[in-house]
Amino acid sequence: MVVIQQHEHSLTFIDLNPKYPHDEQVYDDEKDLISHQAFQRPCDRCDQKITFFHRYYYKCNQCDYLLHKSCSELPITLEHASHPTHTISLFRNESPHNCHVCKCNILKKQLCYNCSPCMLSICLNCGKNEAHHNTIYHPSHRHPLVPTNREILAMCDACGNEHKGVYYHCIICFLPFIHRDCVFSSKRLLIQDRTCDKFFHTHPLVLTFGFSKIDQQAKFYPRCRVCNKSFSDKENLWVYKCEKCRYYAHFGCAYLRSETSKSAAKRITPERYKDDHGVLHLPLSDQNLEKVKDFFFKERNYESSITHHNIHEHPLILVEAQCNDITTMNEDDALCDACVIPIQMKMTFYKCKFNGQGCNFLLHEWCTRLPPEIKGHRHPYRHEYHQEHTLLLLPKAGHEFLRFYCRMCLSGFTADNNISFGCRPCEFHLHAGCAFLLPETIRHRYDKHPLSLAYSPIENHEGDYFCEVCEEELNPNAWFYHCHECVQSIHTTCAPLVPQSKAYLYGGLKVLRRQIKKRRIYKPECHPHPLSFLLGSRSDGECTKCGKDIYHEYILKCSGCKFVIHAERCLT
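All residue numbers refer to positions counted from 1 along the written sequence of the respective chain. Only residues with pLDDT of 70 or above have their local features reported here, since the model is predicted, and side-chain atom pairs are shown and tallied only from 80 upward, although totals for entire chains, interfaces and linings are computed over all residues. In computing side-chain properties, one takes all heavy atoms of the structure into account and sets aside hydrogens as well as water.

Draft legend 1. Highlighting the overall build of the protein. In this text, helices come from DSSP runs of H or I with a minimum length of four residues, and strands from runs of E with a minimum of two, each type numbered from the N-terminal end. Helix and strand counts for the protein come out as ten helices and 38 strands. Whether a residue is buried, partly exposed or exposed follows from its accessible area with a 1.4 Å probe, protein chains only, as a fraction of its type maximum: under 20%, in between, or over 50%, in that order. Burial statistics for the protein: of 572 residues in total, 49% are counted as buried. In what follows, residue pairs with any heavy atoms lying within 4.5 Å of each other are defined as contacts. Sequence-distant contacts in the protein: of pairs separated by 6 or more residues, those separated by 24 or more amount to 56%. Accessible surface is estimated by sampling points in the Shrake-Rupley manner with a 1.4 Å probe; for residues, cover comes only from the protein chains shown. Summing over all exposed atoms, the protein offers an accessible surface of approximately 28,800 Å²; the carbon and sulfur share of this is 49%.

Structure follows, in C-alpha cells:
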C-alpha cells in the first residue's frame, strides 16, 4: 500500500473543455483545442490518466504535480460506520484486495481506504459513496457519464459491438451505454498508426458521433475505406472521417477491432508473381492501346465449337453471321453475357449448346477472346503495396453476384449470367466491359492538361464535384477523370473513351445508351437539330465528322437532314 499525502504547494484549477457540451468542429488551424483534446498526463494520486474527457484537473505551479478534480476532493482520512474502531486512510493499492463492505475487487494501483492494523480495505464507492469519482464529460453526450461499478456484458452504443467490461452511462437519461475502451478513444488519429500501416491516409481522421442518413445521401452514400461496408444502417454509431478527402471509416475498423476489418487487413499482402508476361495491364496506356485493339479485332478463323471456356460450364457453339437469326430471341435473351451489349443481326457469336433448354448463355465472338487475367486497376481502399490487383475472369456465380457491385460504375451484377473480372478474397469486381473501357489518361477540350483516371475522392478536395461537360454533380465514389492542376473533373461517361472500331465490345457504352434511352433523343452543341441514338446500318452511309464507316456502330442521327456521327468518339 502507498500512503497518499497532501501536496505541500497550492494548486491551480484547469478546465480542458469550457465549451462542453457544445464542442465545435475541429479544423487543422485550431491548435489550442487540438492540444487540449490530445492532453494525457498521469494523476499523481491515483496514477490513472487525466484526459480531455475528465475535463477538470488541478495543477501545481511550482512543480510538475497534477490531480484529477475528483481525486483532489477525496479526504485523506475517514471514519467509516463499517469499521468504527479505527480511522481509515487513503491508499493506492499495490496488490488486489476485496472490499470489506461490498466484496468487489479492488485492483492494483486503484485508490481505496485502508486500515493497516486490521489489514482491511474499503473501495471508494463504499467509503464515500463516490460513484461520481470517475465521472467524465464526453463530447458525445450533453450530460456527464459515470462508469458501472462492475463488469457487464452489453452492446456498446459507440461501436455497435458486444463487449464485456466497464461501461460509461448517463444517470440522467440512462443513455448512451459506452464501453470503457471506446469512450477514451482518440479524438483524432492517423489510420496507418492504428492499423499497422495496412491502411493509409495523409490527414488525421476526426472522431464524429454519428453519420446521419441525410449526410450520407449528400456524400453519395460512401463506404468504409477499411471494410468497404456501408454506413446506411449505422447512422448513430461513431465514425472516423476526413471531410477534406471524403475518407470515412467505421469506429471499430479504424482500430481493426471488428471482424470485417480484421478480415480486410489479413487480405492485404503484396502480390508476388514470377512471371506476369501473359497478364493484360490496365488501365490502357497509349502504347498498349493498339496492341489491344489488334488482339480483339484482327480477323481470325472461327472455331465451330468451344468445348472448354473458363467463364461457362457448357460447350459453346458458333453461330455465323449469315446464319444469325437473333430476332427469334427476346431483348433480354439477346444480350452478350460478357459485355452486356445486345447481339445484333449479322454478328458472329457463340451460344450455349443447351440454348433453349434452360441455358441461354451468349457471347460475342470477340468476347471469347477476353484474357483470363488483367492487372493494374487500383483498389482505392488499400495501402501502397496493394494498389494493384490481378483480377481473374470469373464465370457466372448465380445469386452470389447479386451482393457484389462493379467498382467502376457502382452498378450491380443483376443477371444470373453476368461475369466479371474480380478478386474473390477482396470482393473486388468489375464488369467485363468496364474493365476495358477507360484509358489511363485522356485529353478533353474542356481542359488544357491531361486528365487522369481517379479511383476515389481526391485528397484535399473539400467541395462537391461537378462534371465540366454535363455540369451535373459527380459521385466521386465511382471512377472519374480529374485534372489536379485545374481541379476539374469529368464523368467517365462524358469523357472520350477508348477509341473503338467495334463499339459494342465495351460494356461502358451501355451507360451512355441507358442515359439517352429514356428519351432516345440527344441535343448536342455540334448540331442544331435533335439527334436519335441508333445502331448504324448500311443505308446510313459514313460519319459526317470522320468520314469512316458507321455500319453496326452506335450513332447519333438527325432525322431532318443527313447528319450522322459516331455516338462516342466523334461527339466531342
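Draft legend 2. Inspection of the sheet that holds strand E13 (residues 146-147) at higher detail. Being paired, for any two strands, means DSSP has found at least two bridges between them. The sheet built from three strands is open, its strands ordered E13-E16-E17 with antiparallel pairing. Two strands in the sheet have a free side with no partner beyond their single neighbour: E13 and strand E17 (177-179). Bridge count for E13 against strand E16 (residues 167-169) is two bridges, and the pairing is antiparallel. Bridge pairing in E16 links Val146 to His169.

Draft legend 3. Summary view of unusual backbone geometry. Positive phi values are uncommon outside glycine, yet Arg55 reaches one of about 70 degrees. Its location among the elements puts Arg55 in the loop between strand E4 (49-51) and strand E5 (56-60).

Draft legend 4. Fine view of the sheet that holds strand E26 (residues 362-364). Spatially, the four strands line up as an open sheet ordered E23-E24-E25-E26, and their pairing is antiparallel. Two strands in the sheet have a free side with no partner beyond their single neighbour: strand E23 (305-306) and E26. With four bridges connecting them, strand E24 (residues 316-319) and strand E25 (residues 349-352) associate as antiparallel partners. When the sheet's bridge partners are listed, Leu318 is paired in E25 with Tyr350.

Draft legend 5. Geometry of the pattern of salt bridges. We define a salt bridge as a side-chain nitrogen of Lys or Arg found within 4 Å of a carboxyl oxygen belonging to Asp or Glu. Within this structure, the stated rule accounts for six salt bridges. A salt bridge links Arg55 to Asp15, with the nearest nitrogen and oxygen atoms 3.0 Å apart. You can see Arg55 sitting in the loop between E4 and E5 and its partner Asp15 sitting in strand E2 (residues 11-15), a full 40 residues away along the chain. For Arg55, a relative accessible area of 10% translates into the label buried. Overall, Asp15 belongs to the partly exposed group, its relative accessible area being 25%.

Draft legend 6. Representation of the nonpolar core. What makes a nonpolar core is a set of buried Ala, Val, Leu, Ile, Met, Phe, Trp, Tyr and Cys residues whose side-chain atoms join them at distances within 4.5 Å. Among the nonpolar cores identified, the biggest contains 64 residues, and Leu90, Leu111, Ile178, Val226, Tyr240 and Phe251 are the most heavily contacted of them. Counting residues per element, this core draws most heavily on strand E11 (residues 111-115), which supplies four residues. If you look at the next biggest cluster of nonpolar residues, it comprises 48 residues, including Leu391, Cys426, Leu438 and Ala495.

Draft legend 7. Examining the state of the cysteines more closely. Any two cysteine sulfur atoms lying within 2.5 Å of each other are counted as a disulfide. A complete count under the given rule lists zero disulfides for this structure. Of all cysteine sulfurs, the one in Cys104 lies closest to Cys102, which takes part in no disulfide; the gap is 3.2 Å. Relative accessible area serves as the criterion here: at 38%, Cys102 is assigned to the partly exposed category. Between Cys406, a free cysteine, and Cys409, which holds the nearest cysteine sulfur, the sulfur-to-sulfur gap is 3.8 Å.

Draft legend 8. Spotlight on the pairing of strand E19 (residues 205-208). Neither face of E19 is exposed, since Leu205 and Leu207 on one face and Val206 and Thr208 on the opposite face are all buried. Here strand E18 (residues 188-189) pairs with E19 via two bridges, running antiparallel. What sits directly across from Arg188, in E19, is Val206. Sheet topology places E19 next to strand E20 (residues 239-242); three bridges connect them, and they run antiparallel. Following the sheet pairing, Thr208 is matched in E20 by Val239.

Draft legend 9. Just the side chain of Asn93, in detail. Within the element layout of this structure, Asn93 appears in the loop between strand E8 (83-92) and strand E9 (97-98). A relative accessible area of 0% means that Asn93 is categorised as buried. Of the polar contacts made by the side chain of Asn93, one reaches the backbone oxygen of Ser95; its length is 2.6 Å. Contacts described as polar in this section are N or O atom pairs within 3.5 Å, which, within protein, must combine one atom able to donate a hydrogen with one able to accept it, while residues neighboring in sequence count only if both atoms come from side chains.

Draft legend 10. Quick peek at the environment of Leu189. Within the secondary structure layout, Leu189 lies in strand E18. Along the primary structure Leu189 and Tyr240 are separated by 51 residues, whereas in three dimensions their C-alpha atoms are 8.5 Å apart. In this structure, Leu189 is in contact with Arg194, Pro204, Leu205, Tyr240, Ala254 and Tyr255, ignoring residues within four places of it in sequence.

Draft legend 11. Region of interest: the environment of Cys242. Among the secondary structure elements, Cys242 is positioned in strand E20. A relative accessible area of 5% places Cys242 in the buried class. Once residues lying within four places of it in the same chain are set aside, the contact partners of Cys242 are His201, His203, Pro204, Leu205 and Tyr247.

Draft legend 12. Region of interest: the pairing of E8. Pairing analysis gives two bridges linking strand E1 (residues 2-3) to E8, with the strands arranged antiparallel. Among the inter-strand pairings, Val3 is bridged to a residue of E8, identified as Phe91. Taken together, strand E7 (residues 77-80) and the strand that follows it, E8, pair antiparallel across an intervening segment of two residues. Across four bridges, the pairing between E8 and E11 is antiparallel. Bridge pairing links Ser89 to Asn114 in E11.

Draft legend 13. Geometry of the packing of aromatic side chains. Stacked, edge-to-face and tilted labels apply to pairs of Phe, Tyr and Trp rings (six-membered ring for Trp) whose centres lie within 6.5 Å, assigned for plane angles under 30 degrees, over 60, and everything in between, in that order. In the structure shown here, the tally under the stated rule is 18 aromatic pairs. Centroid distance Phe52 to Phe53: 6.0 Å. Interplanar angle 70 degrees. Geometry classified as edge-to-face. As far as burial versus exposure is concerned, Phe52 and Phe53 are alike and both buried. The structure contains a cluster of three or more aromatic residues connected by ring pairs, namely Phe209, Trp238, Tyr240, Phe251 and Tyr255. Lysine and arginine charges are scored as sitting over a ring when NZ or CZ, respectively, is within 6 Å of the ring centre and within 35 degrees of the ring normal. Taking the ring centre of Tyr137 as reference, the NZ or CZ of Arg55 above it sits at 5.6 Å.

Draft legend 14. Spatial organisation of the confidence of the model for the protein. pLDDT expresses how confident the predictor is about each individual residue, on a scale running from 0 to 100. For the protein, the mean per-residue pLDDT works out to 76, and 72% of the residues sit at or above 70. For the stretch residues 381-387, pLDDT sits under 50, and the model shows 28 contacts to residues farther than four places along the chain or on other chains. With pLDDT under 50 throughout, residues 498-520 is counted as low confidence; its partners more than four residues away or in other chains account for 69 contacts.

Draft legend 15. Summary view of the side chain of Gln192. Residue position: Gln192 is located in helix H5 (residues 191-194). Here Gln192 falls in the buried class, since its relative accessible area comes to 9%. In terms of polar contacts, Gln192 uses its side chain to reach the backbone carbonyl oxygen of His201, at 3.2 Å. Setting aside chain neighbours within four positions, we find Gln192 in contact with Asp197, Phe199, Phe200 and His201.

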